[in-house]
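Fold and contact review
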Amino acid sequence: MKRVSGLWQRVIDPDNLRLADEKARRGKLKSYGVRVHDRNREANIIRLHEALLTKTFKTSPYTVFTIYEPKERIIFRLPYYPDRIVHHAIMNILEPIFVKVFTHNTYSCIKKRGIEGCARATEKAIASFDGQPLYCLKIDIRKFYPSIDHEVLKGLVRRVIKDADLLWLMDGIIDSAQGLPIGNYLSQYLANLCLAFFMHWVNEVLPLLIGARIVSLEYADDIVFLSDDKDALHRALPLIREYLSERLHLTVKGNWQVFPIADNRYDRSGRALDYVGYKFYRHQRLMRKCIKKNFCRAVARLNRQEPVPSFEAYRQAIAPWLGWAKHSDSRNLLRTIIISKYYGTLRQYALETRGSRQRQLSLPLRHSGTGGRKRLSVRNRRTARTHTMGVRGGDGVGTAHGQ
C-alpha cells in the first residue's frame, strides 16, 4: 500500500491546533483543565505550536485510577493542555487515513459505525445464512490494550505513514505507557490499526485456507466468525492463534467458543450470540441479561417513589437503558416494567426515534395488554415452543472449547 507523507506541517498548524482545542473541550467546558487553559488560551496554542515545531514536546505524566464497571480496568488520564489537544490535532489529520486502512467489518470507535452499527451488521450477517446451518466462533484477546507490543505497533504505523517528524511524535506517545493506555483518544484508533491487517487477512486469505465461507465482525478485541461449517471454524482457530501470536504477539483467551446459533430464546438446539450488549438469535435480538437487570432495578426504584416523578424526570432517569430497549425486541419488557401512566408516551417516543427497532414491533398502546396484541395462553406458548424446538434440530448447544 502507498504510505502517506507531508503530514507534519498540517498537524502542527496553529489553525489545526485551535480546531483540536474546540473538539477536545466538547462536554468538558466546566472541567478544571479547560478553565485553566482558557486563562491564556491563544498564548498556550502558540506555545504548543512552537514546542512541536522545535520537537521539545513530551507526553505529560499520567494520572492512573481503576474502575470496576463492568469489570476492573486501569484508566490513564492526561492533562487537557497540552496532551489532549495534541491527540485531537493528530487525529484531525490521521483519522480519514486510518479509516481507509480499516476493514468494512471493524466497528469500534469509528464514526457512523460503533455499537449499533456492529449490531446491525451482526443481524445482517446472521440473516445471510438463512436456510443454512449457522455456527459461531467467538474469541477474545487476552488483556488486549496492555498487551500491545510497541515495536509491532510502530511497524504497523510505518506501513501507513512515512513522515519522519510525525513518526517521532507518534513514537513518543506510544512509548509513554505500557501497552496502549486506556483513556487516550489516540489509543482507540491505534488499537484498531493493530488488528487492521489481521482483519484483512481474515477477510481475504482465511476462507481460502479453510475452504469454507466465513463472515467476521470485529469490535475492539471481541471478534466473531460465522460459518455454515462447524469443522471449518475449528480449522480456522489454530490459524488465527498462529497469526495473532507470531505477527502481533497477542494471545487468544482460553474462553473461546464454537456453538450453533438458535432461532429464538425458546429454541434449545442452539444458543444466543452474546455480543456488543445484545443477545443475537437468528430471528430475535434481546438485551444482554446484565443490562436488562440494571434497567429493571432502575425502573423499580422510580416506580416506588412518592410522589411519582414527572415524565421528563422519569424518561431521563432510564434513558441509558431505554436506548438499548429501543434497538432490541423489548416490547414485552417495556410493557411489564414501565408504569401505565407513562408507558404510552414512552412507546410513542420509541416510535419517533430515528432508526428505532420499535418502529417494526407493533407495540400495543395499553400497558395492561388489553386492546393490544393478543397474549398467548400458557398452553399455546408451550405448544409454540415445542413446535420451534421440533422444527429446528442440530448438534446441540456448544460449550467452551467447542465441546
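So, here's what we can say about the structure. For clarity, every value in this text was computed on a predicted model and none was experimentally measured. (Residues numbered from 1 in each chain as written. Predicted model: local features only at pLDDT ≥ 70, side-chain atom pairs only at ≥ 80, totals over all residues. Heavy atoms only, no water.)

Let us look at unusual backbone geometry. Of the consecutive residues Y81 and P82, the connecting peptide bond is found in the cis state with omega at 5°. Mapped onto the secondary structure, P82 falls in helix α5 (residues 80–101). (Helix = DSSP H or I, 4+ residues; strand = E, 2+ residues; numbered from the N terminus.)

Here we have three strands laid out as an open sheet, ordered β7-β8-β9, and antiparallel in their pairing. Both outer strands of the open sheet, β7 (273–275) and β9 (285–287), are each paired with one neighbouring strand and no more. Taken pair by pair, the neighbouring strands of this sheet meet at an average axis angle of 30°, ignoring direction. (Pairing = 2+ DSSP bridges. Axes fitted to C-alpha atoms, helices over the stretch in contact; angles between N-to-C directions.)

Below, the discussion takes up helix α4 (residues 41–53). The terminal C-alpha atoms of α4 lie 18 Å apart, and with 13 residues this matches the ideal 18 Å at 1.5 Å per residue to within 8%. Taken together, the buried positions of α4 are occupied by N44, I45, L48, H49, A51 and L52. End-on, the buried residues of α4 take up no more than an arc of 165°, which puts them together on one face. Each element contacted by the buried residues of α4 is listed here: α1 (8–12), α2 (14–24), α3 (32–38), α5 and α9 (164–174). Just downstream of α4 lies K55, where phi reads positive at about 60°. (Expected span 1.5 Å × (residues − 1). Buried < 20%, exposed > 50% of the residue type's maximum accessible area, 1.4 Å probe, protein only. Arc of directions from axis to C-beta. Contact = heavy atoms within 4.5 Å.)

In this section: the sheet that holds strand β5 (residues 222–227). Read across the sheet, four strands follow the order β4-β5-β3-β6 without closing on themselves; strand pairing throughout is antiparallel. Looking at which strands have only one partner, the edges of the open sheet turn out to be β4 (215–219) and β6 (257–260). Across this sheet, the average inter-strand angle for adjacent strands is 20°, counted without regard to direction. Bridge count between strand β3 (residues 135–140) and β6: four bridges; the pairing is antiparallel. Within β6, the position partnered with L137 by the bridge is V258.

Turning our eyes to something else, we now look at the packing of helix α8 (residues 150–158) against helix α10 (residues 185–204). Axis angle and axis distance: for two packed helices, these are the angle between their axes and the distance between the axes, and together they describe the pair. One way to put it is that α8 packs onto α10 with a least axis distance of 10 Å and a crossing angle of 80°. Classed by the angle they form, the pair α8 and α10 counts as roughly perpendicular. Here L153, L156 and V157 of α8 lie close against α10, whose contacting residues are L190, L193, C194 and F197. By residue class, the composition of the contact of α8 with α10 is seven nonpolar, no polar and no charged. (Parallel < 35°, antiparallel > 145°, perpendicular 65-115°, else oblique. Nonpolar A, V, L, I, M, F, W, Y, C, P; charged D, E, K, R; others polar.)

Among soluble globular proteins, nonpolar side chains are generally buried collectively. Within the largest apolar cluster, 77 residues are counted, with the highest numbers of intra-cluster contacts made by F98, L190, F198 and I240. It is α10 that contributes the most residues to this core, 13 residues altogether. Discounting residues that sit within four places of it in the chain, I240 has contacts with L137, I139, F198, W201, L206 and F225. One finds V224, I261, L273 and Y278 within the second-largest nonpolar core, a separate group that totals 22 residues. (Core = buried A, V, L, I, M, F, W, Y, C linked by side-chain atoms within 4.5 Å.)

Turning next to the pattern of salt bridges. For the structure shown, the criterion picks out 16 salt bridges. Across the salt bridge formed by E22 and R41, the nearest N and O atoms sit 2.4 Å from each other. Placement of E22 in helix α2 and of R41 in helix α4 is noted, with a sequence separation of 19 residues between them. For E22, a relative accessible area of 39% corresponds to the partly exposed category. Looking at R41, the relative accessible area reads 28%, which means it is partly exposed. Of the charged contacts in the structure, one is a salt bridge between K253 and D140, with a shortest N-O distance of 3.2 Å. (Salt bridge = Lys/Arg side-chain N within 4 Å of Asp/Glu carboxyl O.)

Relative to the helices and strands, L248 is located in helix α12 (residues 230–248). A residue is classified by how much of its surface remains accessible, and L248, at 5% relative accessible area, is buried. Those residues in contact with L248 that lie beyond four places of it in its chain are V152, L156, C194, L195, F198 and Y243.

Bringing the environment of I223 into the picture now. Looking at the element boundaries, I223 is found in strand β5. Note: C-alpha distance between I223 and L137 (86 residues apart in sequence) is 8.4 Å.

This next bit is on the environment of R47. Along the chain, the position of R47 falls in helix α4. Each C-alpha atom, one on R47 and one on P82, is 9.6 Å from the other, the two residues being 35 residues apart in sequence.

We now examine the packing of aromatic side chains. In this structure the tally under the stated criterion is 14 aromatic pairs. Chaining the aromatic ring pairs together yields one cluster made of F98, F102, Y185 and Y189. A cation over an aromatic ring shows up here: R213 above the ring of F129, its NZ or CZ 4.2 Å from the ring centre. (Phe/Tyr/Trp six-rings, centres within 6.5 Å; stacked < 30°, edge-to-face > 60°. Lys NZ or Arg CZ within 6 Å of the ring centre and 35° of its normal.)

On the secondary structure map, R315 appears in helix α14 (residues 311–326). Using a relative accessible area of 17% as the deciding quantity, one classes R315 as buried. A distance of 2.6 Å separates the side chain of R315 from the side chain of E312, its partner in a polar contact. (Polar contact = N/O pair within 3.5 Å; in protein donor to acceptor, adjacent residues only side chain to side chain.)

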